[in-house]
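Survey of secondary and tertiary structure
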Protein chains: 2
Amino acid sequence: MPAKRPPVPLSRERIIEAALHIADSQGLRRLTMRRLGDALQVEAMAIYHHLPRGKEALMDALAEHVTAVRVEQAATWQETAKAWCRASREVLREHPGVLALALTKPPKGGTALAIGEQVEQLTDAGLPDAADAVRSLRAFVFGSVAVEVQQSGWADPEVDEWTRRDERADADFERGLEALLRGLQI
Amino acid sequence: MPAKRPPVPLSRERIIEAALHIADSQGLRRLTMRRLGDALQVEAMAIYHHLPRGKEALMDALAEHVTAVRVEQAATWQETAKAWCRASREVLREHPGVLALALTKPPKGGTALAIGEQVEQLTDAGLPDAADAVRSLRAFVFGSVAVEVQQSGWADPEVDEWTRRDERADADFERGLEALLRGLQI
DNA sequence: ACCTGAACACCGTTCAAGT
DNA sequence: ACCTGAACACCGTTCAAGT
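Residues numbered from 1 in each chain as written. Chains lettered and ligands numbered in written order. Predicted model: local features only at pLDDT ≥ 70, side-chain atom pairs only at ≥ 80, totals over all residues. Heavy atoms only, no water.

Counting residues at the interface gives 26 residues for chain B and 26 residues for chain A. Taken together, the two surfaces of chain B and chain A that pack against each other cover about 2500 Å², and 54% of this comes from carbon and sulfur. If you sort the residues of chain B by the area they bury against chain A, Arg135, Gln150 and Trp154 of chain B come out on top, with a joint share of 26%. A salt bridge links Asp172 of chain A to Arg135 of chain B, with the shortest nitrogen-to-oxygen separation between them at 3.5 Å. Counting the contacts that link chain B with chain A gives 12 residue pairs in polar contact (both at pLDDT 80 or more). Looking at the side of chain B that touches chain A, the elements with two or more residues in it are helix 5 (99-104), helix 6 (110-124), helix 7 (130-152) and helix 8 (159-185) of chain B. Among the elements that make up the side of chain B that touches chain A, the one with the highest residue count is helix 7 of chain B (11 residues). Of the residues belonging to the side of chain B that touches chain A, the class tally is 12 nonpolar, six polar and eight charged. (Contact = heavy atoms within 4.5 Å. Buried area = accessible area lost by both parts, 1.4 Å probe. Salt bridge = Lys/Arg side-chain N within 4 Å of Asp/Glu carboxyl O. Polar contact = N/O pair within 3.5 Å; in protein donor to acceptor, adjacent residues only side chain to side chain. Helix = DSSP H or I, 4+ residues; strand = E, 2+ residues; numbered from the N terminus. Nonpolar A, V, L, I, M, F, W, Y, C, P; charged D, E, K, R; others polar.)

Our focus in this paragraph is the UniProt feature "DNA-binding region" (unreviewed entry) in chain A. Mapped onto this structure's residue numbering, the UniProt feature "DNA-binding region" (unreviewed entry) falls at residues 32-51 of chain A. Secondary structure content for residues 32-51 of chain A is 35% helix and 0% strand, and the end C-alpha separation is 14 Å. (UniProt positions renumbered as here; feature names shortened; annotations may be inferred.)

Moving on, we come to the environment of Thr76 of chain A. Note that Thr76 of chain A resides in the loop between helix 3 (54-65) and helix 4 (77-94). On the basis of relative accessible area, Thr76 of chain A is assigned to the partly exposed category, the value being 35%. (Buried < 20%, exposed > 50% of the residue type's maximum accessible area, 1.4 Å probe, protein only.)

Before going further, it helps to spend a moment on the relation of the copies chain B and chain A. Two copies of one chain are present, and they are related through a rotation about an axis combined with an axial shift. With an RMSD of 0.0 Å, chain B superimposes on chain A once it is rotated by 180° and translated 0.0 Å along the axis. Such a turn and shift between the copies fits a two-fold axis. Closest approach to the rotation axis among the C-alpha atoms of chain B is made by Gly143 of chain B, whose C-alpha sits 1.9 Å away. Of the residues that chain B buries at the interface, 100% are likewise interface residues in chain A, meaning the two copies contact each other through the same surface. (Least-squares fit on C-alpha atoms with pLDDT ≥ 70 in both.)

A few words now on the domain arrangement of chain A. For interface size, the figure often reported is the accessible area lost on association. Residues and elements named next belong to chain A. Split into domains, chain A comes out as domain 1 (12-64) and domain 2 (69-185). A separation of 26 Å is found between the C-alpha centroids of domain 1 and domain 2. Facing the 11 residues of domain 1 at the interface are 12 residues of domain 2. Of the roughly 940 Å² buried where domain 1 meets domain 2, counting both sides, 59% is carbon and sulfur surface. The tally of links between domain 1 and domain 2 comes to three salt bridges. Across the salt bridge formed by Lys108 and Asp60, the nearest N and O atoms sit 3.1 Å from each other. At the junction of domain 1 and domain 2, the tally comes to six residue pairs in polar contact (both at pLDDT 80 or more). The set of elements that each furnish at least two residues to the side of domain 1 that touches domain 2 consists of helix 1 (12-26) and helix 3. Of all the elements, helix 3 adds the most residues to the side of domain 1 that touches domain 2, at six residues. Residues that form the side of domain 1 that touches domain 2 fall into these classes: six nonpolar, no polar and five charged. (Domains from an automatic or database assignment.)

Turning our eyes to something else, we now look at the protein's contact with DNA strand D. Near DNA strand D there are 16 residues, and of these Glu43 and His50 of chain A together with Arg34, Tyr48 and Lys55 of chain B occur at the shortest range. When the atoms of DNA strand D within 4 Å of the protein are sorted by group, sugar and phosphate make up 53%. At 2.3 Å from a base nitrogen of DNA strand D is found a side-chain nitrogen or oxygen belonging to Arg34 of chain B. Arg35 of chain B has a polar side-chain atom sitting 3.1 Å from a phosphate oxygen of DNA strand D. If you list the elements that add at least two residues to the surface near DNA strand D, you get helix 2 (33-39) and helix 3 (54-65) of chain B. If one sorts the elements of the surface near DNA strand D by residue count, helix 2 of chain B sits on top with three residues. Split into classes, the residues belonging to the surface near DNA strand D amount to seven nonpolar, four polar and five charged. (Near = heavy atom within 4 Å.)

This paragraph deals with the protein's contact with DNA strand C. Surrounding DNA strand C, one finds 16 residues, the nearest of these being Arg34, Tyr48 and Lys55 of chain A together with Glu43 and His50 of chain B. What you see for DNA strand C is that sugar and phosphate hold 53% of its atoms within 4 Å of the protein. Between DNA strand C and Arg35 of chain A, the relevant distance is 3.1 Å, taken from a phosphate oxygen to a side-chain nitrogen or oxygen of the residue. His50 of chain B places a polar side-chain atom, nitrogen or oxygen, 2.7 Å from a phosphate oxygen of DNA strand C. Among the secondary structure elements, those contributing two or more residues to the surface near DNA strand C are helix 2 (33-39) and helix 3 of chain A.

Before going further, it helps to examine the UniProt feature "domain: HTH tetR-type" (unreviewed entry) in chain A. Here, the residues flagged by UniProt with the feature "domain: HTH tetR-type" (unreviewed entry) are residues 9-69 of chain A. Structurally, residues 9-69 of chain A comprises 56% helix and 0% strand, and the distance from its first C-alpha atom to its last is 28 Å.

The subject of this paragraph is the packing of helix 1 (residues 12-26) of chain B against helix 3 of chain B. Residue and element names in this part refer to chain B. The interhelical angle for the contact between helix 1 and helix 3, taken along N-to-C directions, is 80°, at an axis separation of 10 Å. One element, helix 1, and the other, helix 3, form an angle in the roughly perpendicular class. Listed contacts from helix 3 to Arg12, Ile15, Ile16, Ala19 and Leu20 of helix 1 are Leu58, Ala61, Leu62 and His65. (Axes fitted to C-alpha atoms, helices over the stretch in contact; angles between N-to-C directions. Parallel < 35°, antiparallel > 145°, perpendicular 65-115°, else oblique.)

Close inspection of predicted coordinates is inappropriate for parts of the model with low pLDDT. This prediction gives chain A a mean pLDDT of 93; 91% of its residues lie at or above 70. Taken as a whole, residues 1-6 of chain A scores under 50 in pLDDT and shows one contact with residues more than four places along the chain or in a different chain. (pLDDT = per-residue confidence, 0-100.)

Okay, here's the thing in structure tokens:
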């Protein structure tokens with residue numbers, strides 16, 4: 001008789017990880033409490049014990065996971081801002097399935113804290129109007145990633161075209177980022 | 001006996017209009033084929049006669065409605081670009097309920113045509129790399145509106161703060177737009 | 001051609017019950 | 001404390017039937 005698998009206890013972390021995997025691989029519309037339960041080898045109802053507000057809480061947690069981005073304070077406010085933008089873009093690109101949530105849910109919890117911290121970091125580094133700057137940085141990252149992911153869902157690209165597309169997206173992003181930072185300096 | 005209301009025939013247009021109203025006022029998650037049928041005084045199943053692919057087709061149509069934006073060719077490519085950005089922002093702000101779809105669905109149908117037309121307009125007006133420029137403009141508008149709408153769903157603002165918020169959002173948008181156009185010129 | 005009614009598979013969530 | 005099973009109201013979609 002095969003040994004019974006030791007029952008890894010359910011946890012908020014495992015639930016979110018599994019939910020991200022489903023959303024990214026099959027789409028947000030296929031992320032279902034019952035399917036999520038299956039992936040975790042558990043009845044759907046068990047999830048409510050760890051996320052009391054149910055699916056709404058799950059959606060909030062997924063948005064927060066890709067949106068509560070923090071970076072270390074760097075030598076200049078420009079370096080700190082760049083690090084945040086690159087880190088944010090990376091995690092958003094990694095989880096296209098929850099991009100709609102990330103761009104749309106009002107920031108709260110860890111995301112709101114991260115925004116507050118970022119304003120503080122830029123202020124401490126000598127940037128006036130840091131709150132305005134943070135809004136601009138967030139808008140830039142959100143817009144770039146939205147257009148990039150949208151376009152990756154477009155018609156039949158050839159494989160080498162794909163590669164070029166990625167490279168161009170990176171170059172576009174870096175070019176836009178430099179221009180934005182120059183604009184904020186004034 | 002009250003006169004029976006003349007049965008206004010169902011149509012794609014009426015369906016989309018009613019769907020936008022539900023999504024904007026109650027949220028996308030409450031937009032349901034059955035609720036949509038109720039709003040149109042019709043059984044939900046009648047909708048399938050006008051949107052054969054059902055809810056998926058409805059979602060596509062809603063995204064297209066706020067995303068297939070076209071403007072007249074203006075005197076300079078800068079003016080044409082500005083007009084498109086302002087028009088796009090306006091229609092996206094008017095329909096926050098479908099913003100997630102607009103930012104996330106790959107462009108097709110009327111949206112893809114509008115993008116093609118815009119590239120042509122800017123090219124004709126003498127802008128090199130018009131396709132890159134159009135991507136940048138779309139990213140700018142999407143990001144700006146996303147951050148703006150996100151923030152409008154935030155904590156308890158006082159009424160006068162609200163007004164200032166709207167004004168500031170307008171000013172931010174115009175300032176960012178000018179900076180972006182200067183950047184594209186080079 | 002256009003709409004309805006009944007039916008089916010699936011969904012989110014509750015609640016009492018098990019261990 | 002943590003999970004299950006049954007139940008309920010609701011959902012998208014089909015299909016045959018009405019007019």
